[in-house]
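# Understanding the architecture of this molecule
As a plain string of letters, each chain reads:
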Amino acid sequence: MAIFASRYERKLPIDDTEAISCEIATVEEVDGHTEYLLRVQRGDNSWNVLHRYNDFNKLHQSLRISGIDLPLPGKRIFGNMRPDFIAERKEALQVYINTILMNPILASSLPAKRFVDPESYSQSFYDHAVQNAMLCLRNDSVWALGATMGAIGWRLRKHYFKVTTKPPEKSSNKLVKSGSQTQQSKHFAAGSNGGSHSISIDAGTADPNAEMVAEWLEYGPDKYVEEKEINGVLKSLVGLQHPHIESIVFAANTENGCLVIRKFHKHGTLKDVLCMATPKNPFLSKYGNPKGRTALSMKQVATYGKQILDALIFLHSKGYAYGHLHSGNIVIVDDCVKLLDVENHLLGVPAFYRPFFVQHSKIHAIETVDVYCFGHVLFEMAMGYPLQESVVRQITECPEALKSLLESILSKEACKAGLPTLEQLLGHRFFTQYATDCGSSAEKPHFKLSLNAKELLRQAAVKSEKRLCDEQKSVKNQKRIVRVQELMSSEEEKRKSKQKAKLEHKQSKLKQQGSLQTSNGRLSLAATTAASTSTAAVGGGLSTADSFNRSDSTPEEPPTLAGLKSQTTGGQTPRQELHIGSSASVSVERQTSTPNMASVEDVEAGDEDEPTRSALLESICKFNRGSLRKVRSND
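Residue numbers run consecutively from 1 along every chain, following the written order of its sequence. Since the coordinates come from a predicted model, pLDDT governs what is reported: local features require at least 70, and pairs of side-chain atoms require 80 or more to be given and counted, while whole-chain, interface and lining totals use all residues. Hydrogen atoms and water are omitted, and side-chain values are computed over all heavy atoms in the structure.

## Here's the deal with the overall build of the chain
Inclusion rule: Counting from the N terminus, the helices are DSSP H or I runs at least four residues long and the strands are E runs at least two residues long. By definition, residues are in contact when any of their heavy atoms lie within 4.5 Å. Under the convention used here, a 1.4 Å probe and the Shrake-Rupley method define accessible areas, while residue burial counts only the protein chains that appear.
Looking only at helices and strands, the chain features 23 helices and 13 strands. For the chain, the proportion of contacts with a sequence separation of at least 24, taken over those separated by at least 6, is 68%. Carbon and sulfur atoms provide 51% of the accessible area of the chain, an area that totals close to 34,500 Å².

## Some words on helix α8 (residues 227-238)
Applied cut-off: Multiplying 1.5 Å by the residue count of a helix minus one yields the expected span of that helix. Only protein chains enter the accessibility calculation, which uses a 1.4 Å probe; a residue is then buried when its area is under 20% of its type maximum, exposed when over 50%, and partly exposed in between.
Taking 1.5 Å of rise per residue, the 12 residues of α8 would be expected to cover 16 Å, and the 16 Å separating its terminal C-alpha atoms lies within 8% of that figure. Regarding α8, the residues found buried are Ile230, Asn231, Val233, Leu234, Ser236, Leu237 and Val238.

## Describing the environment of Ser474
Examined against the element boundaries, Ser474 turns out to sit in helix α19 (residues 451-550). Overall, the relative accessible area of 16% leaves Ser474 in the buried class. Taking C-alpha positions, Ser474 is 9.6 Å from Val358, a pair spaced 116 residues apart along the chain.

## Structural notes on the packing of aromatic side chains
For the record, the criterion: Here a Phe, Tyr or Trp ring, Trp counted by its six-membered ring, pairs with any other such ring whose centre lies within 6.5 Å, and the pair is stacked when the planes are under 30 degrees apart, edge-to-face when over 60, and tilted otherwise.
As enumerated under the stated definition, the model contains 14 aromatic pairs in all. Measuring from centroid to centroid gives 6.2 Å for Tyr36 and Phe56, while their planes differ by 90°, and the two rings are edge-to-face. Of the two residues, Tyr36 sits in strand β2 (residues 33-42) while Phe56 sits in helix α2 (residues 53-63), which places them 20 residues apart along the sequence. Assessed through its relative accessible area of 0%, Phe56 is described here as buried. On the numbers, 5.3 Å between centres and 40° between planes, the contact of Phe430 with Tyr434 is tilted. With Phe430 and Tyr434 both in helix α18 (residues 429-434), this residue pair falls 4 residues apart, about one helical turn. Since its relative accessible area comes to 27%, Tyr434 is described here as partly exposed. An aromatic cluster is built from Trp154, Phe352, Tyr353 and Phe356, whose rings are joined through pairwise contacts.

## Focus on the pairing of strand β10 (residues 250-253)
Note the cut-off: The criterion for strand pairing is that DSSP finds at least two bridges linking the strands in question.
Burial along β10 is two-sided: the residues Phe250 and Ala252 and Ala251 and Asn253 are all buried. Where β10 lies against strand β11 (residues 257-263), 4 bridges are found, and the strand directions are antiparallel. Of the residues in β11, the one forming a bridge with Asn253 is Cys258. With antiparallel pairing between neighbouring strands as the criterion, β10 and β11 make up a hairpin whose turn holds 3 residues.

## Some details on the confidence of the model for the chain
Convention followed: Each residue carries a pLDDT score, the predictor's confidence in it, ranging from 0 to 100.
Summary statistics for the chain give a mean pLDDT of 79 and a share of 72% for residues scoring 70 or more. Low pLDDT, under 50, characterises residues 171-193; the predicted model gives this stretch 37 contacts beyond four residues in sequence or across chains. Long-range and interchain partners of residues 536-608, a stretch whose pLDDT sits below 50, account for 59 contacts in this model, where long-range means more than four residues apart.

## Regarding unusual backbone geometry
In this structure, Asp334 takes a positive phi of about 55° despite not being glycine. On the secondary structure map, Asp334 appears in the loop between β12 (330-332) and β13 (337-339). Here Glu397, not a glycine, exhibits a phi torsion of approximately 55°, which is positive. Within the secondary structure, Glu397 sits in the loop between α14 (366-383) and α15 (400-410).

## Things to note about the nonpolar core
Applicable threshold: Among buried residues, the Ala, Val, Leu, Ile, Met, Phe, Trp, Tyr and Cys ones that are joined through side-chain atoms within 4.5 Å form a nonpolar core.
Residues Tyr320 and Leu325 are the most contacted members of the largest nonpolar core, which totals 82 residues. With sequence-adjacent residues up to four places away left out, Leu325 is seen in contact with Ile308, Leu312, Ile330, Leu339, Tyr353, Asp370, Cys373, Phe374 and Val377. Residues Leu70, Leu101, Phe283 and Tyr287 belong to the second largest nonpolar core, which totals 31 residues.

## With respect to the sheet that holds strand β1 (residues 20-30)
Applied cut-off: Lines fitted to the C-alpha atoms define the axes, with helices restricted to the stretch that makes contact. Angles between their N-to-C directions range from 0 to 180 degrees.
Taking strand neighbours across the sheet as the criterion, the 3 strands line up as β1-β2-β3 in an open arrangement whose pairing is antiparallel. At either end of the open sheet lies a strand with only one pairing partner, and these are β1 and β3 (45-52). On average, each strand axis in the sheet is tilted by 25° relative to the strand beside it, whichever way the strands run. Strand direction decides the pairing type here: β2 and β3, joined by 8 bridges, are antiparallel. Bridge pairing in β3 places Glu35 opposite Arg52. Seen against the sheet, α2 touches β1, β2 and β3 and runs at an angle of roughly 100° to β3.

Laid out in structure tokens, this is it:
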């Protein structure tokens, strides 16, 4: 394997199912363009990534195959460096990346992983898979590696290849082992071929018309069995027989992973049937936004569910856990269920539903994980679409027996209190009412593990359960931190809102005081203007009265305001008369404060109405002269 070290650097296994959160922290201007600093976190690890808008656009183009409408903000050529536009685009890009990471299909895709974690996902997984697959088949005389089938599965580190049989050779270096328990002749070729160990069934026993597929899969973070011990367990898996488990034709392992050859079913998996998808299409296009969905009948749901439980109970009884149940690992052949990827538990790869059951601390045992995943498969078969949450909130449009069964597995109360066992599920009344017997199979169940292999698998299960418990604690702590931050932010928002309300109240008071001062200033200005106008009016009145008094053609005019004041005050000076006139003018404008003040017209008609004249004089006497101001006039 030294020749591959320069092309592929082996790192510590990463759990690709672990949730990733991303926050656009800041925006930087670099060489005349805008770069967004993304703060990414996976579990307890965090790192920063810089991306331009063009990087977001490239990611968007890569994910368009899914058919999911994503809210990528539009591109702008002019005005794209304005601060308000950059702030608006930052918020829109945050919504965009959150939409991707919250979608299980998109979040597990290679473009999304490379976008948020380029250091861990920048290497070529395909080249690594081809090199190791060729190494596993280098000395094999039966199988030849063909072309790739593309990304038809959800795992980033799993690759599918077509395989063909090689022409028969005259000399064969095979060891024949009698299979008395399986009643069939198995041919094994085991040895150290460049670091690989292979086990295979004789090609003559396989269906010559069947299409075969080779699956290369890297070891996962829960791989706790050594490579040399894995070879022995793989030999037992190749010899496994069960009517509801798909047989393995060939298996080989290296220090990096395992290659398995099995039959490829043209109609696809159960998920392909439910989504009405073409099996050989890419995973994103098949399941991102399916064009159609269909649900199974209650009879099919009960029958297939019972067969799945039979297979799971059989594996657990032999000391081997499945742990990877989902609709993509199930095929239907002649109305009979067959489970795929039975080797995944040995290789330590994470389960499909791990992001869901990692949220519940009661789901940590291997059997409990199988029960929980069975509930999701049952829900998808009955409803026609997968459950996108870790618990079911409301179940409708299904029989009462199925509703009771689903609630016993997927309800929030069940996940908190504990799930039933596989045997308890098999005895549920739903299977009694709706399941049918598919008849006895000629293939008798057979699976034999050595005591040493059972002990190694038991220890590996304990370690994987411990890692699951630790991750569940970490998720719980993160949720607690998020809740505390939300409470703190809410308290901070309340405090800020209170401060804002106080500030607004204070500003409104200042505004009211300012408006009052402005009104008082306007009143004073009006009083001054009225005083000047009244002075001019008094002078004009006196001149007019004199002219009328000298004329004999007009009747006797009533006394003017100045005359009234001179009659009332006697020997006041002309300056006093000026103030009296201005006081009279102001009193006319402020009738609301002095309601008894008469108008100027009433004063001019004073000798016709003596009581009105008396009231006017009384108002003038009572007028507050302190509100008047001295004004210098140009007259």
